[in-house]
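# Examining the three-dimensional arrangement
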Amino acid sequence: MTTGNHHSSPATVSVLGLGLMGRALAHALLRAGHRVTVWNRTPSKADALVADGALLAPSAGDALRSADLTILCLTDDEAVRSLLGQDGVDLRGTTLVNLTSGSSAQARETARWAERRGARYLDGAIMAVPPAIGTADAVILHSGPRTAFEEHSPTLAALGTATYLGEDPGLASLYDAAGLTMMWSVLNAWLHGTAMLRTAGVDAASFAPFAQQIAVGVAGWLPGYAEQVDGGSFPAEVSALETDARAMSHLLDESEALGVSTELPRLFKALADRAVAAGHGSEQYPVLIEEFGRPTP
Ligand SMILES: NC(=O)c1ccc[n+]([C@@H]2O[C@H](COP(=O)([O-])OP(=O)(O)OC[C@H]3O[C@@H](n4cnc5c(N)ncnc54)[C@H](OP(=O)(O)O)[C@@H]3O)[C@@H](O)[C@H]2O)c1
C-alpha cells in the first residue's frame, strides 16, 4: 500500500459527474490550484464551480480532450460505460481515474474496456463523505497501472489521502468491500451487546467505552492472527476454537433468555461448529478462514 505525496503541481483535470461527490472533488481540485474542466448531464449543477473558476465543457468528449487527467464520479459503472461509449468520445491517450463505486469484477471489465479504446485506467474507491474531500481524512483507494498513479499522485493528493494498492484494477473495490464488512461487523456486534445490556437498564452510552476497549483490544490481535492465516498454521497459543465454541453457546443461551436477537450468535456458532466438526477444534480462531474462504453451504 503506497500513499501519494502532497506536493501538488497544477494540472489540467476534468471531472465528469457533478453529483454530491463529484462537486466536492472538483471544488478540492480548484482549491489546490488546478485548472478544472467539468461536465455534468444536468449542466446547472456546475454553476457554483464555474463561479469558482471551473470551465464547463459542452460535452463529455470535450472535457476529456482538454485534460491531463479525467476523474469520473457517476452513479454506477453502467453510467460510466454508457457515457464514455457515446459517439464523439475519444479515449485514445487519456488517463481516467474512475471513482464511481462498483464491484471488483466491474472495475476489471471497465479497465479492459477503456484500455481497448486507448486509455490508461485507474480504478478508485472513496472511503469518505463529500465534506471530508480535500482533507487527509478522505482516504481514496486506487488500483491499476502504477506508472499512471505515480504520475498523477500529486494531483490526486488534492482530493485526500491517495493510496495505491496494486496493478490489479479490482483491488480498490475489493478493499472497499473488505472495509465495509469490518465496519458492519463491529457495529452489529456493538448493537447486539447494547441490546443485551439494555434489558438490565444499561444505556448505550454506558456500554460504549467498554465496547470500544474490546474493539481496540481485538484489533491488536490482527497482525499476529494474519501471520497464522498467511502461514496456514493455527496453533492454539491463547485459546482453542472448541473453547470459543462453548463460549458461543453461552452467548446464544444468554441472548435467547434475554429475548434479544440471536442471529449474530447463531452465525458465530454455526461457523465454529462446522470447523470443529471438520477437526479444527484444537486450533486457534483464525482457522475459520477456511469457512470464510468458501461458498456458504
Ligand atoms: N456521496 C457519498 O458520500 C459517496 C461516498 C463514497 C462514494 N461515493 C460514490 O460516488 C459516486 C457518486 O455519488 P454521488 O453521491 O455524487 O451521487 P449523486 O449525487 O447521485 O450523483 C450522481 C451523478 O451521476 C450522474 N449520472 C448518473 N447516471 C448518468 C448517466 N447515465 N450519464 C451521465 N451522468 C449520469 C448524475 O448526473 P445528473 O446530475 O445529471 O443526474 C450525477 O452527476 C457513486 O458511485 C457513489 O457510490 C459517494
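Residues numbered from 1 in each chain as written. Predicted model: local features only at pLDDT ≥ 70, side-chain atom pairs only at ≥ 80, totals over all residues. Heavy atoms only, no water.

### Describing the overall build of the protein chain
- Assigned secondary structure in the protein chain consists of twelve helices and nine strands.
- Principal-axis analysis of the C-alpha atoms gives the protein chain an extent of 65 × 45 × 35 Å.
- Each of the 297 residues in the protein chain was classed as buried or not, and the buried ones make up 42%.
- Put simply, 62% of the contacts in the protein chain that link residues at least 6 apart link residues at least 24 apart.
- Looking at the protein chain, you have 20 positive and 32 negative side-chain charges, and the mean spots of the two groups are 7 Å apart. (Helix = DSSP H or I, 4+ residues; strand = E, 2+ residues; numbered from the N terminus. Buried < 20%, exposed > 50% of the residue type's maximum accessible area, 1.4 Å probe, protein only. Contact = heavy atoms within 4.5 Å. Lys, Arg positive; Asp, Glu negative; His and termini not counted. Charge placed at Lys NZ, Arg CZ, Asp CG, Glu CD.)

### A closer look at the UniProt feature "domain: NADPH-dependent reductive aminase-like C-terminal" (unreviewed entry) in the protein chain
- When the UniProt feature table is mapped to this numbering, "domain: NADPH-dependent reductive aminase-like C-terminal" (unreviewed entry) covers residues 168-293.
- For residues 168-293, helix accounts for 75% and strand for 0%, while the C-alpha atoms at its two ends are 20 Å apart. (UniProt positions renumbered as here; feature names shortened; annotations may be inferred.)

### Concerning a nonpolar patch on the surface
- Taken together, the side chains of Leu-180, Met-183, Trp-184 and Leu-187 make up a nonpolar region of the molecular surface, amounting to roughly 360 Å² of accessible area.
- On the secondary structure map, Leu-187 appears in helix H7 (residues 171-198).
- The exposure class of Leu-187 is partly exposed, given its relative accessible area of 40%. (Patch = residues over 30% accessible without salt bridge, like charges linked within 9 Å, V, L, I, M, F, W, Y side chains within 5 Å. Areas by Shrake-Rupley, 256 points an atom, 1.4 Å probe, with all protein chains shown as cover. Salt bridge = Lys/Arg side-chain N within 4 Å of Asp/Glu carboxyl O.)

### Structural notes on the pairing of strand E6 (residues 95-98)
- By the alternation rule, side chains of E6 split into Thr-95 and Val-97 and Leu-96 and Asn-98, which are all buried.
- Judged from the three bridges that link them, strand E5 (residues 69-72) and E6 form a sheet pairing that is parallel. Paired with Ile-71 across the two strands is Val-97, which belongs to E6.
- On the question of chirality, the crossover connecting E5 to the parallel E6 by way of helix H4 (residues 77-84) is right-handed.
- Bridge analysis of E6 against strand E7 (residues 120-127) gives four bridges, and the strand direction is parallel. Paired with Thr-95 across the bridge in E7 is Arg-120.
- Read as a crossover between parallel neighbours, the route from E6 over helix H5 (residues 104-116) to E7 is right-handed. (Pairing = 2+ DSSP bridges. Right-handed = clockwise from strand over helix to strand, strands pointing away.)

### Examining the site of the ligand
- In the vicinity of the ligand there are 20 residues, among which Met-21, Asn-40, Thr-42, Lys-45 and Ser-101 approach most closely.
- Here an oxygen atom of the ligand sits 2.7 Å away from a polar atom, N or O, in the side chain of Asn-40.
- Here an oxygen atom of the ligand sits 3.1 Å away from a polar atom, N or O, in the main chain of Thr-75.
- Relative to its free-state accessible area of 900 Å², the ligand is covered by the protein chains to the extent of 74%.
- If you tally residues by element for the shell around the ligand, the top one is helix H1 (residues 20-31), at three residues. (Near = heavy atom within 4 Å. Polar contact = N/O pair within 3.5 Å; in protein donor to acceptor, adjacent residues only side chain to side chain.)

### Quick notes on the environment of Leu-99
- By secondary structure assignment, the location of Leu-99 is in the loop between E6 and H5.
- The exposure class of Leu-99 is buried, given its relative accessible area of 3%.
- When the C-alpha positions of Leu-99 and Ser-249 are compared, they lie 44 Å apart, and in sequence the two are 150 residues distant.
- The residues touching Leu-99, leaving out its near neighbours within four places in the chain, are Leu-25, Ile-71, Leu-72, Cys-73, Gly-124, Ala-125, Ile-126, Ile-140, His-142 and Leu-159.

### Description of the packing of aromatic side chains
- For the coordinates displayed, the defined rule picks out three aromatic pairs.
- Residues Trp-221 and Tyr-225 carry aromatic rings whose centres are separated by 5.9 Å and whose planes lie at 55° to one another, so their mutual orientation is tilted.
- Note on Trp-221: relative accessible area 48%, which makes it partly exposed. (Phe/Tyr/Trp six-rings, centres within 6.5 Å; stacked < 30°, edge-to-face > 60°.)

### Topic: the UniProt feature "domain: 6-phosphogluconate dehydrogenase NADP-binding" (unreviewed entry) in the protein chain
- UniProt records the feature "domain: 6-phosphogluconate dehydrogenase NADP-binding" (unreviewed entry) at residues 13-163, using the numbering of this structure.
- Here residues 13-163 runs as 36% helix and 23% strand, with 19 Å between its end C-alpha atoms.

### A look at the domain arrangement of the protein chain
- Domain annotation of the protein chain identifies domain 1 (2-167) and domain 2 (175-292).
- One C-alpha centre belongs to domain 1, the other to domain 2; they are set 39 Å apart. (Domains from an automatic or database assignment.)

### A look at H1
- With twelve residues, H1 should reach 16 Å at 1.5 Å per residue; the first-to-last C-alpha distance of 17 Å fits that figure.
- The inward-facing, buried residues of H1 contact strand E2 (12-16), strand E3 (35-39), helix H2 (47-51), E5, E7 and helix H6 (146-156).
- Where H1 ends, the next residue or the one after it, Gly-33, has phi of about 95°, a positive value. (Expected span 1.5 Å × (residues − 1).)

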